[in-house]
Amino acid sequence: MATILSFGRYLPDRVLDNADLAQKLGCDAAWIFESSGIEQRCIAGEGETIAVLAECASRHCLERARVDAAQIGLVILSSGTAERRFPGPAAELAHRLGLAGVPALDIPVASAGSLFGMALAAQLAPAYGTVLVAAAEKMSGPASSEPLDRNVAILFGDGAGACLIGNAGEGLAIVDAVLHSDGAYTENLRLEHTGPVRMDGRTVILQAARRIPAAIGEVLARQSVDASAVGAFLLHQANRNLTERVAKALGVPASRFFSNIQRYGNTSSASLLIAASEWWEQTAPARSAAPITTAASAAGDLVCFAAFGAGFHWGALLARKMT
Amino acid sequence: MNEDTQEKLVAIVRGISGKGTTPDPDESLFDAGYIDSFALVDMVAEIEREFGIKIPDAELNPRRFNSLTRIGEYLDSRGV
């Protein structure tokens, strides 16, 4: 059974709060918070490329797992904001980590990319050994490009997350995952080679509010688990209001949904792993508790990841805490 | 759209919007401030519950729910 061994993250030093962003966009800071739940976001500095951001998050992840980079057998990097058409940044990330000859795979899926990477890594770990899954995004630039859409520009920030998935060890055992794509909505959320992020917010939110709970319900049903038995939900951090709708649709308290969107905004595919990294640290004491050995005894120790984004691509992944 | 359906729709929109006014049948619910993107999610859920239908994801086009008239046309097409 594939296991998530650790998480890591990196957020750029520069912080842009709502007051400064509102002044730049000519809107009201209170409106930004009410519309999104976001208070501030991080902005990558000059020289902080996708590969650099991913390297920082990956090194944080490796340190926390006490794993040497040389043990990595496969690198997967998700980014919808890579600098080049090709090569993607995965190979450079591997190079930065000193991994010559190790296969490196790019996933340019945007918001759901890290979830796709985790699900793929769980399947590929038996063949490749320890898999590094990283996600890095620089969304603040394209989100605020001309022609400016304030509804989009207020949402996004920069950052990176990472996780390490292996065949054995302590961490989160991956139980099951479901992935979906529907190209009928390609035009509704997209980033071309030039210009800003284009988003039909009404369609995106309406579809996300339906498909995220449906995917979670699907993976839980496959494992005969009720949503009430899941201790923590880790979602792509898109919008606080959306998370509340997902919680309502599943009939579970919103308090079970980890949220850090207020501090980082929507960092696209990086957000899921950044959130998981912070949640992982917060729950560290609980991980030293008695071992979980059966599904029946795991109520409250189940963790559900879910994401939805451009494509549309979406899915859910169920894991269980273990020691 | 029959009178009963219209009354139920108006009640849903008024309840979700919190506004004491009733939208004109062809008025855009978005432009007139009755709903936003997130209230649309709530409104669709209420319509499904009130009329006992399940709206497929592929039919969830915001333009279909932009006014009382359009919602009524959709409900008619569903035989409500």
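Residues numbered from 1 in each chain as written. Chains lettered and ligands numbered in written order. Predicted model: local features only at pLDDT ≥ 70, side-chain atom pairs only at ≥ 80, totals over all residues. Heavy atoms only, no water.

With that settled, consider the sheet that holds strand β13 (residues 313-322) of chain A. Residues and elements named next belong to chain A. Read across the open sheet, the 9 strands follow the order β5-β4-β6-β7-β1-β8-β13-β12-β11; overall the sheet is mixed. Each edge of the open sheet carries a strand with a single partner, namely β5 (104-107) and β11 (230-235). Ignoring which end each strand starts from, the neighbouring axes of this sheet average 25° apart. Sheet topology note: the strand β4 (residues 72-78)/β5 ladder contains 4 bridges and is parallel. Residue pairing in the sheet places I76 in a bridge with L105 of β5. Against the sheet, helix α11 (residues 270-282) engages β1 (3-10), β6 (130-138), β7 (158-166), β8 (171-181), β11, β12 (302-309) and β13, with an angle of about 105° to β1. (Pairing = 2+ DSSP bridges. Helix = DSSP H or I, 4+ residues; strand = E, 2+ residues; numbered from the N terminus. Axes fitted to C-alpha atoms, helices over the stretch in contact; angles between N-to-C directions. Contact = heavy atoms within 4.5 Å.)

A few words on the packing of aromatic side chains. Overall, the coordinates contain 8 aromatic pairs over all chains when judged by the stated rule. With 6.2 Å between their ring centres and 40° between their planes, A:F308 and A:W314 make a pair best called tilted. Pair check on accessibility: A:F308 and A:W314 agree, each one buried. Here a set of aromatic residues connected by ring pairs shows up, and it is made of A:F7, A:W279, A:W280 and A:F305. Over the ring of A:F33 we find A:R240; its NZ or CZ atom is 4.8 Å from the centre of that ring. Stacked on the ring of B:Y34, the Lys or Arg B:K19 has its end atom at 4.3 Å from the ring centre. (Phe/Tyr/Trp six-rings, centres within 6.5 Å; stacked < 30°, edge-to-face > 60°. Buried < 20%, exposed > 50% of the residue type's maximum accessible area, 1.4 Å probe, protein only. Lys NZ or Arg CZ within 6 Å of the ring centre and 35° of its normal.)

Our next topic: the pattern of salt bridges. When the charged atoms of two side chains with opposite charge come close together, those side chains can pair. All names here are of chain A. The tally for this structure, following the rule as stated, stands at 19 salt bridges over all chains. Here E92 and R96 are joined by a salt bridge, their closest N and O atoms 3.1 Å apart. One end of the pair, E92, and the other, R96, are both in helix α4 (residues 90-96), 4 residues apart, so they sit about a helical turn from each other. The class for E92 is partly exposed, based on a relative accessible area of 29%. Using a relative accessible area of 32% as the deciding quantity, one classes R96 as partly exposed. Several salt bridges share partner residues, and in doing so they unite R9, R64, R263, E278 and E281 into one network. (Salt bridge = Lys/Arg side-chain N within 4 Å of Asp/Glu carboxyl O.)

Moving on, we come to helix α1 (residues 3-17) of chain B. Residues and elements named next belong to chain B. Compared with the 21 Å implied by 1.5 Å per residue over 15 residues, the 21 Å span of α1 between its first and last C-alpha is a close match. All of the buried residues along α1 are T5, L9, V10, I12, V13 and S17. Buried residues in α1, looked at end-on, bunch into an arc of 160°, giving them a common side. Projecting away from the buried face of α1 at angles above 90 degrees are the exposed residues E3, E7 and G15. Residues of α1 that are buried in the fold lie against α2 (37-51) and α3 (68-77). The first or second residue beyond α1 is G18, which carries a positive phi of 75°. (Expected span 1.5 Å × (residues − 1). Arc of directions from axis to C-beta.)

Time to look at the interface of chain A and chain B. Contact with chain A, which involves 15 residues of that partner, is made by 16 residues of chain B. Buried surface at the junction of chain A and chain B, summed over both partners, amounts to about 1400 Å²; 60% is from carbon and sulfur atoms. Looking at the side of chain A facing chain B, the largest losses of area belong to A:R202, A:L206 and A:R210, adding up to 51% of the total buried there. Seen at the junction of chain A and chain B, the total is 4 salt bridges. We note a salt bridge from A:R211 to B:D57, for which the minimum N-O separation is 3.9 Å. Inspection of the region where chain A meets chain B yields 5 residue pairs in polar contact (both at pLDDT 80 or more). (Buried area = accessible area lost by both parts, 1.4 Å probe. Polar contact = N/O pair within 3.5 Å; in protein donor to acceptor, adjacent residues only side chain to side chain.)

What follows deals with the confidence of the model for chain A. Predicted coordinates in regions of low pLDDT should not be interpreted in detail. Mean pLDDT for chain A: 93, with 95% of residues reaching 70 or above. Here residues 288-299 of chain A is a poorly scored stretch, pLDDT under 50, and it has 10 contacts once near neighbours within four places are set aside; other chains count. (pLDDT = per-residue confidence, 0-100.)

Residues and elements named next belong to chain A. Per the domain assignment, the segments of chain A are domain 1 (3-166) and domain 2 (173-322). Distance between the C-alpha centres of domain 1 and domain 2: 16 Å. Taken together, the contact between domain 1 and domain 2 spans 58 residues of the former and 47 residues of the latter. Both faces combined, the contact of domain 1 with domain 2 buries some 4100 Å², and carbon together with sulfur accounts for 67% of it. In terms of surface lost to domain 2, no three residues of domain 1 exceed F7, S111 and L115, which account for 17% of the buried area on that side. At the junction of domain 1 with domain 2, the criterion picks out 3 salt bridges. Between R64 and E281 there is a salt bridge; the shortest N-O distance is 3.4 Å. Our enumeration of links across domain 1 and domain 2 arrives at 20 residue pairs in polar contact (both at pLDDT 80 or more). Counting residues per element, the ones that place at least two in the side of domain 1 that touches domain 2 are β1, α2 (29-36), β3 (40-43), α3 (50-65), α5 (113-128), β6, α6 (140-143) and β7. Residues that form the side of domain 1 that touches domain 2 fall into these classes: 30 nonpolar, 19 polar and 9 charged. (Domains from an automatic or database assignment. Nonpolar A, V, L, I, M, F, W, Y, C, P; charged D, E, K, R; others polar.)

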